[in-house]
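Residues per chain are reported as follows:
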Amino acid sequence: MPSHTAEELLANIHGLAPELAQQIGDQIDECRRLLDTNAGMDAVQQHLKDEGVSIIQAILITTRLLEDHPDRLRSARQIVECSPARAHGTA
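Here's a quick rundown of the structure. (Residues numbered from 1 in each chain as written. Predicted model: local features only at pLDDT ≥ 70, side-chain atom pairs only at ≥ 80, totals over all residues. Heavy atoms only, no water.)

Here the focus is the side chain of T5. Checked against the element boundaries, T5 lands in helix α1 (residues 4–12). By relative accessible area, T5 is classed as buried at 7%. Looking at T5, its side chain comes within polar contact range of the side chain of D29, at 2.7 Å. What T5 contacts, discounting residues up to four positions off in sequence, is G25, I28, D29 and R32. (Helix = DSSP H or I, 4+ residues; strand = E, 2+ residues; numbered from the N terminus. Buried < 20%, exposed > 50% of the residue type's maximum accessible area, 1.4 Å probe, protein only. Polar contact = N/O pair within 3.5 Å; in protein donor to acceptor, adjacent residues only side chain to side chain. Contact = heavy atoms within 4.5 Å.)

Set out below in structure tokens:
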């Protein structure tokens, strides 16, 4: 049974496989829990990199973490690309 987050992804991203939606949904939920511990977005990005999450997937996850931010895609891209975890030479 897909999680609530995975169901939301399936409803909003055309062509996403249920297994991948569940995997990304689980990562989003993990990152939300990490943010709930007062860890910053840099810690989230380091976690995603340590888990082997690609930059594109990290942007998708970060977009979901920003929820109703007015320009969340651009902001998510900037957060991921400028993160110390993704800095040139450490990717």
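Alright, that's what it looks like, and here's the rest.
One pass over the structure, following the stated rule, counts 4 salt bridges. One salt bridge connects E8 with R64, and the closest N-O pair in it is separated by 3.8 Å. Taken as a pair, E8 in helix α1 and R64 in helix α4 (residues 55–65) lie far apart in primary sequence, 56 residues in all. Among the residues examined, E8 registers a relative accessible area of 31% and is labelled partly exposed. Salt-bridge contacts for R32 lead to D29; the nearest nitrogen and oxygen are separated by 3.6 Å. Placement of the pair is R32 and D29 together in helix α2 (residues 18–36), with a separation of 3 residues, close to one helical turn. Classification of R32 by relative accessible area gives partly exposed; the value is 25%. (Salt bridge = Lys/Arg side-chain N within 4 Å of Asp/Glu carboxyl O.)

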